[in-house]
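One letter stands for each residue in the lines below.
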Amino acid sequence: MSVATAGSIPQTRRRPVKPGKVVGRVLFYLLVVLILAYILFPFYWAARTSFMPDSDIYLTPVQYWPKNFTVQHYINAFSETTFLRAILNSALVGVAATVLSVLFGASASYALARFNFLGRNVALYLILAMSMFPGISILGALYTVLQKVHLYNTLYALIIVYLTFSLPLMVWIMQSFFRGMPRDLEEAAYVDGASQFQTFWRIMMPLAAPGLATAGILTLMGCWQEFLFALSFELSSSHWTVPLAIANTGANQASAFQIPWGDQMAETLVVMLPLIAVVLLLQRRIISGLTAGAVKG
Amino acid sequence: MASVAYNHVFKNYGTGAVAVKDLNLQILDTEFMVLVGPSGCGKSTALRMLAGLEEISDGEIKIGDRIVNEVPARERDIAMVFQSYALYPHMSVYDNMAFGLKMRRTPKSEIETKVNEASKILGLDNFLKRKPRQLSGGQRQRVALGRAIVRNPQVFLLDEPLSNLDAQLRVETRINLQKLHKDLDATFIYVTHDQVEAMTMGDRIAVMKEGVLQQVASPREIYDDPANMYVAGFIGSPKMNFIPVTVSGKTAKASGFSLELPKAPGIEKGVMGIRPEDMTEVPHEGFPQIEMSVEVVEVLGSDQFLYGKCGGDDIIARLDPQFKVAVGDKVRLHVNMRRLHLFDVGTERAVL
């Protein structure tokens, strides 16, 4: 053994690196840098703007790094009650819609994945079809419905609408997830005396956690940044969600003719933080969940 | 503990495929019954119907005195060990074993006593807090057993529980399972495709083929008196020699020899069955001779197998390894007539 390794050392040391490989490597990292720059530039620009006094923002030549560093925009953001209220609203609506979506979506997709019933495939394709509707095409109809049931200009309206649009995605992700799970586990639970619901709740749901986390994050992000429905269904500023509040920042001030970029960028960065935190936090879970493995012999 | 009865049980699938055909099988209280057969023979389906995991297409299944056709799995009071073990991956060993009791609303203190008891029997005391993924294959298998034991069910169902273990562990577990069966004094129904497991563990063996039960008997009887050619060929390794013969009166004539049968079987064309160990190089009184030309010799220390031809038929003989043979030799073998089998060509049933 030791002889073999000793003999192989000079070989590896002297192996010449092929020039073609070097070029490939360089190109690869160049591409990585390009993509990163493309993705990260807006964040960088928002951050830069948020730390500049308003007067510097429009200066030419462009300042790539704030010369007169200020946190005034952040102070403005946190002293604006509409904005703070909007964060609370968005959190309420987002969490409620996500939790409901996980509960309904998981149970619906479990049924669709495991039980044979009349019209199962029809239901499945109807759900898929739902997710293809562009939101704006049913905006008018939704408005009428919400008006009729007296939910217009309430946060419930947004919870219901977001649920409607997140469920199809949730069901599709989860039903393929459930389909891939070994049947033995459910059968073992039945034999152990669990009812169908207990089996679902105590065995399948914990195992589906990685999938639920993924779908849940997508739902939460969708709710957090949604603009069109919030704009259409929320009239009073006390019901605004984050995107609305940011868009309306400075609208009531004397400087109504100037867009307060600094304040808006500061607010944008503030509302992005919780989202990034959630994703990073749950991502660990997702990865550890997926590598755990279920019934390998 | 309870007996189990299959009465005219069928399993049909919508496509017209039949997995189990008219199964009649009585399993006694505290018996160790082994269902054996090749894959696709319906043995697992039969077990799963008893467990309540497959619907029964026709006929009835009884556990004790209760017909269970319409009883859901969770109310049948059976425990099952799956081939994959099917341990709940997110629960500790303790919780895996306790799950069935929790579902039955057993008091906490009782659950604890039972789980501790079972884990002691199975040597799992030190692993109770671990998750299944932190266990070896053998330990997982024992957890699966423990999950069944704590329930103290009417019937234990085991679906190829050893097939995921390596060879050495399999032998060990096989022996432990037999001890466990004695200690628990419970009814075990065990499905396997492995004839060694069937022969060593079963009080009785039920051999199945293509959904049809072929024979139910003790291991010895299955080996000594197989009901038909299929059972004769399935049990025993190397396989029983099958030699086509024509029969007239009491004389059976093969391509390489002819023998006087103890009585006239009443058929014209048959298949003679001789197990490899029922031929010997040592002459015995009343053992007729046949001649074999040897093509391959395998010496395994405790055994010697000769592969060759007798007339136009392939035969295998198992002889004393001390007996010196070379390839190309012609060997005189003496056939033990008391252990001779004869099957009807058409029905494949044993006629002698």
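Residues numbered from 1 in each chain as written. Chains lettered and ligands numbered in written order. Predicted model: local features only at pLDDT ≥ 70, side-chain atom pairs only at ≥ 80, totals over all residues. Heavy atoms only, no water.

Topic: the packing of helix H2 (residues 93–103) of chain B against helix H3 (residues 108–122) of chain B
The description of two helices packed together rests on the angle between their axes and the distance between the axes.
Residue and element names in this part refer to chain B.
1) Next: At a minimum axis distance of 10 Å, the contact between H2 and H3 shows a crossing angle of 130 degrees. Comparing the axis directions of H2 and H3 gives the class oblique. Relative to H3, the crossing made by H2 is right-handed. Two secondary-structure elements touch here, H2 through Tyr 94, Met 97, Ala 98, Leu 101 and Lys 102 and H3 through Ile 111, Glu 112, Lys 114, Val 115 and Ser 119.
2) Next: In terms of residue class, the contact of H2 with H3 is built from six nonpolar, one polar and three charged. (Axes fitted to C-alpha atoms, helices over the stretch in contact; angles between N-to-C directions. Helix = DSSP H or I, 4+ residues; strand = E, 2+ residues; numbered from the N terminus. Parallel < 35°, antiparallel > 145°, perpendicular 65-115°, else oblique. Left-handed = near helix turned anticlockwise from the far one by under 90°. Contact = heavy atoms within 4.5 Å. Nonpolar A, V, L, I, M, F, W, Y, C, P; charged D, E, K, R; others polar.)

A word on the sheet that holds strand S4 (residues 58–63) of chain B
Working definition: the strands of a sheet are paired by backbone hydrogen bonds and lie parallel or antiparallel to each other.
Residues and elements named next belong to chain B.
1) Next: Spatial ordering of the open sheet is given by S2-S1-S4-S5, a layout of four strands whose pairing is antiparallel. Where the open sheet ends on each side, the last strands, each with one partner, are strand S2 (18–27) and strand S5 (66–67).
2) Next: Taken together, the two bridges between S4 and S5 define a ladder with antiparallel strand orientation. In the strand pairing of S5, Lys 62 is matched with Ile 67.
3) Next: Strands strand S1 (4–12), S2 and S4 of the sheet are contacted by helix H1 (residues 43–51), whose axis makes an angle of about 115 degrees with S1. (Pairing = 2+ DSSP bridges.)

Quick notes on a nonpolar patch on the surface
1) Next: A contiguous nonpolar patch, built from A:Phe28, A:Tyr29, A:Leu31, A:Val32, A:Leu34, A:Ile35, A:Leu36, A:Tyr38, A:Ile39, A:Leu40 and A:Phe43 and spanning about 1100 Å² of accessible area, is present on the exposed surface.
2) Next: You can see A:Phe43 is positioned in helix H2 (residues 19–50). (Patch = residues over 30% accessible without salt bridge, like charges linked within 9 Å, V, L, I, M, F, W, Y side chains within 5 Å. Areas by Shrake-Rupley, 256 points an atom, 1.4 Å probe, with all protein chains shown as cover. Salt bridge = Lys/Arg side-chain N within 4 Å of Asp/Glu carboxyl O.)

What to know about the side chain of B:Arg147
1) Next: Position of B:Arg147 among the secondary structure elements: in helix H4 (residues 137–149).
2) Next: A polar contact of 2.9 Å, which involves the side chain of B:Arg147, links it to the backbone oxygen of B:Ala86.
3) Next: Setting aside residues no more than four positions away along its own chain, B:Arg147 makes contact with A:Ala188, A:Asp192, B:Tyr85, B:Ala86, B:Leu87, B:Tyr88, B:Asn96 and B:Met97. (Polar contact = N/O pair within 3.5 Å; in protein donor to acceptor, adjacent residues only side chain to side chain.)

Some thoughts on the confidence of the model for chain A
1) Next: Here chain A averages 84 in pLDDT, and 88% of its residues register 70 or above.
2) Next: Note on residues 290–297 of chain A: pLDDT under 50 across the span, and 15 contacts to partners over four residues away in sequence or across chains. (pLDDT = per-residue confidence, 0-100.)

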